[in-house]
Amino acid sequence: MRKGWKKSSAILMCVVLSCVIVLAACSKDTGKSGNGKTEETRQKETNAVQEDLFTAVGTYPIVNKQMTLKMFAPQLPTIENMETNTYTKFLEEKTNIKIAWDLVPSNALEDRKQLMLASGDYPEVILQANLTREEQMKYGKQGVFLPLNELIDKYAPNIKKALADIPYMKSSITAPDGNIYALPQINECYHCDNALKLWINKAWLDKLGLQLPTTTEEFYQVMKAFKEQDPNGNGKKDELPLTGSDEMWAGNVSAFLMNAFIVDDYTEKNAGTFLSVKDNKVDFVANKDEWKQGLEYLNKLYKEGLIDPAAFTQNADAIQQLANREPDNIMGAVTTALISYGYNMSETQPRHKDYVTLPPLKGPSGVQQTLNFAGISKSQFAITNKATADQQIAAIRLADYLYTEEAIVLQENGPEGQGWRKAEDGELDIDGKQAKYAYIQRESKQTHNDGWEQIGPSLRTYAYRSSWMAIQDPLADGGYGTRLNTESKKYESFHSKEMYPNGVFIAQDDAEIAAQLKTTIIDYTKSNMAQFITGSKDISKEWDAYVKGFDGLQLGKYIEIYQNALGNS
């Protein structure tokens, strides 16, 4: 009996299993899920829900039914109230997205950012947080920051266009794993990208009957004339032919001159790598023969009193004191991005008008180059894993609107007719072309509530920034912007083809050691550079020992890390 029962049970079990297998096969073949709906049907239903919630991409409002997004941002001391701010209200009405602010005083942003991300107490959207490349990689890998690639591709045509149009953008914001975790402020500044300038006293050149020097030898002769021929006419040898300061923007004296021998990207304190790229191969420059030749040239200038001895140690305030010394001007030339570091740019203090920029000098081997600083160092906007699928779409579409020209004009300047207006026919921009916009002079106040200034992701291209009406006379009151633009044009055609690019991601595993090696190698290079230039070290006798000293600083590893980073960009 038991034997027969076991046999019957086994047969019954086989029948049941066969039915399960058949049903499973049928389910697989027809594409139906457990609830009887095909995957295609479920996707259509999901899309239908989204279509009901969202308007078509590129149209406004973004959502048909109001949605709330919580956003982290700095509270600038000049903005009265981000909730009642005119631009906030405009944006909420245009998009139908209500912003719930998570604000932090701007001077406490870094500390709060670190605490927020470490604790997990962060909102759905980070609107602005100065996110370093290391932070993007770290929190992207942890899943805190969501990859934006697919969202951009589907829902952000303005951002997508910017990625295609701006040559450095994609590499500057794409992590080594191929993901974009944060969006930047693109703020293309023509004179900033050509910041490595030397301003020379044209009034002195004219008085001495000299032309602007074009080579390193001619520059040496001009500096000698400035020192020896009393160009300020006071009967004293009190002239300082050349000065600068590492504390100023692009104020490093040696960088401008060294680029006539070999590429040198160390233009100010803590800014530079001393690396070059030739045929996509990374190399170190400060141990090459060309570097030695550059040091010998700088030492010659220094030894003959043509470089201010304080140029390697003084701060920016010292430059102002030198520039404005009374009764006579003693400054022949200064390395800095902005002549306004030294001089007040006003009609009542006209000494600044004596200076023009000097184009890059040609070195003894024919090298003539400058640096191009275009790039992105930090990003601002990220979507976190707190955001739902719908919030992610809404957030990226909001960011996409912030990349429009309309958004930028209103964000920076408030409503039309208050801080700005459309330019009239005949009003010219910084390039002498018909302007698009013009500023309206308003009473100066410490605070306002009609814009965000420059909070959040945005797209200020060269063309946009140049489109505002500008005073055409570069030496008139208010014409300084035109002057910087005009002077910077002398540099554009000389951009180095060997400069290591800005904005390259270092792989997360390499980031810490790269930072340590960079600090050690740059400190060693800068220390020896100063000693060779000032003569406290004899370059003819101690150069070989200096070069050998890099062996103990893991220079090979330093180059390898930056080579790998370049390959991944």
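Procedures and definitions
- Residues numbered from 1 in each chain as written.
- Predicted model: local features only at pLDDT ≥ 70, side-chain atom pairs only at ≥ 80, totals over all residues.
- Heavy atoms only, no water.
- Helix = DSSP H or I, 4+ residues; strand = E, 2+ residues; numbered from the N terminus.
- Buried < 20%, exposed > 50% of the residue type's maximum accessible area, 1.4 Å probe, protein only.
- Contact = heavy atoms within 4.5 Å.
- Pairing = 2+ DSSP bridges.
- Axes fitted to C-alpha atoms, helices over the stretch in contact; angles between N-to-C directions.
- Disulfide = S-S within 2.5 Å.
- Polar contact = N/O pair within 3.5 Å; in protein donor to acceptor, adjacent residues only side chain to side chain.
- Right-handed = clockwise from strand over helix to strand, strands pointing away.

**Details of the overall build of the protein**
- When you go through the protein residue by residue, the secondary structure sums to 21 helices and 13 strands.
- For the C-alpha atoms alone, the extent of the protein along its principal axes is close to 125 × 65 × 35 Å.
- Classification of the 569 residues of the protein by burial places 48% in the buried group.
- Expressed as a percentage of contacts within the protein between residues at least 6 apart in sequence, the contacts between residues at least 24 apart total 74%.

**Digging into the side chain of Glu92**
- Within the secondary structure, Glu92 sits in helix α3 (residues 86–95).
- On the basis of relative accessibility, which here comes to 9%, the residue Glu92 falls in the buried class.
- Leave out the neighbours within four places in its chain, and Glu92 touches Ile97, Lys98 and Ile99.

**As for the sheet that holds strand β5 (residues 198–201)**
- With antiparallel pairing, the three strands of this open sheet are ordered in space as β8-β5-β9. Edge positions in the sheet fall to β8 (333–335) and β9 (355–357), since each has one partner strand and no second. Pairwise comparison of adjacent strand axes, ignoring direction, gives a mean angle of 25° for this sheet.
- Relative to β9, β5 is paired through three bridges, and the arrangement is antiparallel. Each bridged residue has a counterpart across the sheet, and for Ile200 the counterpart in β9 is Val356.
- Across the sheet, helix α11 (residues 216–228) lies against β5 and β8, angled at about 45° from β5, the strand it touches most.

**Details of the state of the cysteines**
- Enumeration over the complete set of coordinates arrives at one disulfide.
- The disulfide partner of Cys189 is Cys192, and the S-S distance across this bridge is 2.0 Å. Between Cys189 and Cys192 the sulfur-sulfur dihedral comes to about 65°; the bridge is accordingly right-handed. Neither residue differs from the other here; Cys189 and Cys192 are each classed as buried.

**Re the sheet that holds strand β10 (residues 382–383)**
- Overall, mixed pairing links the four strands, which are arranged β2-β1-β3-β10 in an open sheet. With partners counted over all chains shown, the strands left at the sheet margins are β2 (97–105) and β10, one partner each.
- Sheet contacts for helix α4 (residues 109–119): β1 (67–75), β2 and β3 (125–126); angle to β2, the most-contacted strand, approximately 115°.
- Across the sheet, helix α15 (residues 389–402) lies against β1, β2, β3 and β10, angled at about 50° from β1, the strand it touches most.

**A closer look at unusual backbone geometry**
- Cis geometry marks the peptide bond from Tyr60 to Pro61; its omega dihedral reads 5°.
- For the bond from Glu326 to Pro327, the omega torsion is 5°, close enough to zero to count as cis.
- With phi around 60°, Phe274 is a residue other than glycine that occupies positive phi space.
- Here Phe274 lies in the loop between α12 (253–258) and β6 (275–278).
- By relative accessible area, which is 1% here, Phe274 ends up buried.
- Residues other than glycine seldom take positive phi values, yet Asn280 does so here, at roughly 65°.
- Structurally, Asn280 can be placed in the loop between β6 and β7 (281–284).
- On the basis of relative accessible area, Asn280 is assigned to the exposed category, the value being 52%.

**Looking at the pairing of β6**
- Bridging between β6 and β7 involves four bridges; their strand directions are antiparallel. Bridging across to β7, Ser276 finds its partner in Asp283.

**A word on the environment of Leu295**
- Structurally, Leu295 can be placed in helix α13 (residues 289–303).
- Relative accessible area serves as the criterion here: at 1%, Leu295 is assigned to the buried category.
- For the pair Leu295 and Leu196, spaced 99 residues apart in the sequence, the C-alpha separation amounts to 18 Å.
- When residues no more than four places from it in sequence are discounted, the contact partners of Leu295 are Met258, Met529, Phe532, Ile533, Ile539 and Trp543.

**Some points on the side chain of Gln380**
- Structurally, Gln380 can be placed in the loop between β9 and β10.
- You can call Gln380 buried: its relative accessible area is 7%.
- For Gln380, the side chain forms a polar contact with the main-chain nitrogen of Asn130, separated by 2.8 Å.
- Setting aside its immediate chain neighbours within four residues, Gln380 contacts Ile126, Leu127, Gln128, Ala129, Asn130, Leu131, Leu183, Pro184, Gln185 and Gly456.

**Details of the pairing of β2**
- Relative to β2, β1 runs parallel, the two sharing nine bridges. Opposite Ala73, over in β2, you have Leu103 as the bridge partner.
- Assessed by its sense of winding, the connection that carries the chain from β1 through α3 to β2 is right-handed.

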